[in-house]
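Residue-level structure breakdown
Single-letter residue listing:
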Amino acid sequence: MATATIPLKSPGASLSTGQPGETVYHVKPGTGGTLIEVKGFNLYYGTKQALFDIDMDIEQGLVTALIGPSGCGKSTLLRSLNRMNDLIDGLKTTGRIVIDGTDIYAPNIDVIGLRKRMGMVFQKPNPFPMTIADNVTYPLKVDGVHDRTVLNETTERALKGAALWEEVKDRLKDNALGLSGGQQQRLCIARAIAADPDVLLMDEPCSALDPIATAKIEELIYQLRGHYSIIIVTHNMQQAARVSDNTAFMYLGKLIEYGETTSIFTNPLVPKTEDYVTGRFG
């Protein structure tokens, strides 16, 4: 596994705020090592640059939150990790994103295989207009898996993993569109983990949900931590503080500060970060 290249802050060590324009890092090494390395990554939509020289290491088995005001590049960075941005005309990237030693933007990369390693949960629940069970097993069927025993076992495993099994185990043949919004989002999480990915990418997964449903999703994220490496984009700073281990603050397409969540929220090293987490702008 690749070695982390982010400057790490050891217990008791001090770290300067760096020069203006430089990203400030204070991430302690995790026990699982580095899973994803983003190195000098830039992204352009035609002539417009959306991401500027992003450098960060994402640790195995932890929850990493991407925060910042609207339009700062959070979702763009998230979607760069599974190359969903490839679908946009005029896209150009430079730099590297390395997963397990492989540059995912290399010319010969299997993009479909890459996306299978990364479950994606979107801002609004997007269940398919089919049964609850068929929603969960859809990724397997696309891969040609039709063994009924495997499909049934996967349905139960994924729904239990998404904390939804007890609520729907007697309704598996019902249309998924009949579920509540919070249940639909947990179903989408079950669908995302059915193929046992390495990473869960979550783009504002609670923004369309009520507080009770949001609390269930946050509890689920906590339970899934360790089983998957989770990267979550959120505008809700309280949510980032509750669910994440590390937090990256982005502004105008740049990574401003990246560190342990407790440090980012209680002792940020960059004035702009402090202004954002204390609500002075955003």
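Everything numeric here is computed off the predicted structure, so don't read it as measured data.

Thoughts on the overall build of the chain
Across its full length, the chain holds ten helices and eleven strands. The C-alpha atoms of the chain give a radius of gyration of 19 Å, which matches the 19 Å a tight globule of 282 residues would have. With the principal axes as the frame, the chain shows a C-alpha extent of 60 × 45 × 35 Å. Split into buried and exposed, the 282 residues of the chain put 49% on the buried side.

Concerning the packing of aromatic side chains
Per the counting criterion, the structure on display carries five aromatic pairs. Here the aromatic rings of phenylalanine 128 and tyrosine 138 are separated by 4.8 Å at their centres, their planes lie at 65°, and the arrangement is edge-to-face. Separated by ten residues along the polypeptide, phenylalanine 128 in the loop between strand 7 (118–121) and helix 3 (132–142) and tyrosine 138 in helix 3 bring together distant segments of the chain. Note on phenylalanine 128: relative accessible area 25%, which makes it partly exposed. Through a chain of ring-to-ring contacts, three or more aromatic side chains come together here, namely Phe249, Tyr251, Tyr276 and Phe281. Taking the ring centre of tyrosine 44 as reference, the NZ or CZ of lysine 92 above it sits at 4.7 Å. When the ring centre of phenylalanine 128 is taken as origin, the NZ or CZ atom of arginine 191, which lies over that ring, is 4.1 Å away.

Some thoughts on the pairing of strand 7
Both faces of strand 7 are covered, namely the face carrying Met118 and Met120 and the face carrying Gly119 and Val121. Pairing geometry for strand 7 and strand 8 (residues 199–203), over four bridges, is parallel. Considered in strand 8, the bridge of methionine 120 is made with leucine 201.

Considerations on the pattern of salt bridges
Per the stated rule, a full pass over the model turns up 15 salt bridges. Across the pair aspartate 86 and arginine 83 runs a salt bridge, and its minimum N-O distance is 2.7 Å. Exposure remark for aspartate 86: the relative accessible area of 29% places this residue in the partly exposed category. Classification of arginine 83 by relative accessible area gives buried; the value is 13%. Residue arginine 186 is joined to glutamate 167 by a salt bridge in which the shortest nitrogen-to-oxygen separation is 2.8 Å. Here glutamate 167 lies in helix 5 (residues 165–168) and arginine 186 lies in helix 6 (residues 181–194), a separation of 19 residues in the sequence. Taking the relative accessible area as the measure of exposure, arginine 186 reaches 5% and is therefore buried. Since its relative accessible area comes to 31%, glutamate 167 is described here as partly exposed.

Overview of the pairing of strand 9 (residues 229–233)
The element strand 9 is largely enclosed, with a buried count of five among its five residues. Judged by which residues are buried, strand 9 turns out to be covered on both faces: Ser229, Ile231 and Val233 on one side and Ile230 and Ile232 on the other are all buried. By the bridge criterion, four bridges tie strand 4 (residues 63–67) to strand 9 in an arrangement that is parallel. Paired with alanine 65 across the two strands is isoleucine 232, which belongs to strand 9. Bridging between strand 8 and strand 9 involves five bridges; their strand directions are parallel. Following the sheet pairing, leucine 200 is matched in strand 9 by isoleucine 230. Crossover connection from strand 8 via helix 7 (residues 211–224) to parallel strand 9: handedness right-handed.

Focus: the sheet that holds strand 5 (residues 91–99)
Think of a sheet as strands paired side by side through backbone hydrogen bonds, with each pair either parallel or antiparallel. Strand order across the open sheet formed by four strands is 3-2-5-6, with antiparallel pairing between neighbours. For this open sheet the edge positions go to strand 3 (48–59) and strand 6 (102–103), each flanked by a neighbour on one side alone. Alignment of strand 5 against strand 6, held across two bridges, turns out to be antiparallel. In the sheet register, valine 98 faces strand 6, and the bridge partner there is aspartate 103.

The rules behind these values
Residues numbered from 1 in each chain as written. Predicted model: local features only at pLDDT ≥ 70, side-chain atom pairs only at ≥ 80, totals over all residues. Heavy atoms only, no water. Helix = DSSP H or I, 4+ residues; strand = E, 2+ residues; numbered from the N terminus. Rg over C-alpha atoms; globule rule 2.2 N^0.38 Å. Buried < 20%, exposed > 50% of the residue type's maximum accessible area, 1.4 Å probe, protein only. Phe/Tyr/Trp six-rings, centres within 6.5 Å; stacked < 30°, edge-to-face > 60°. Lys NZ or Arg CZ within 6 Å of the ring centre and 35° of its normal. Pairing = 2+ DSSP bridges. Salt bridge = Lys/Arg side-chain N within 4 Å of Asp/Glu carboxyl O. Right-handed = clockwise from strand over helix to strand, strands pointing away.

As far as function goes, none of this settles anything; it's purely spatial.
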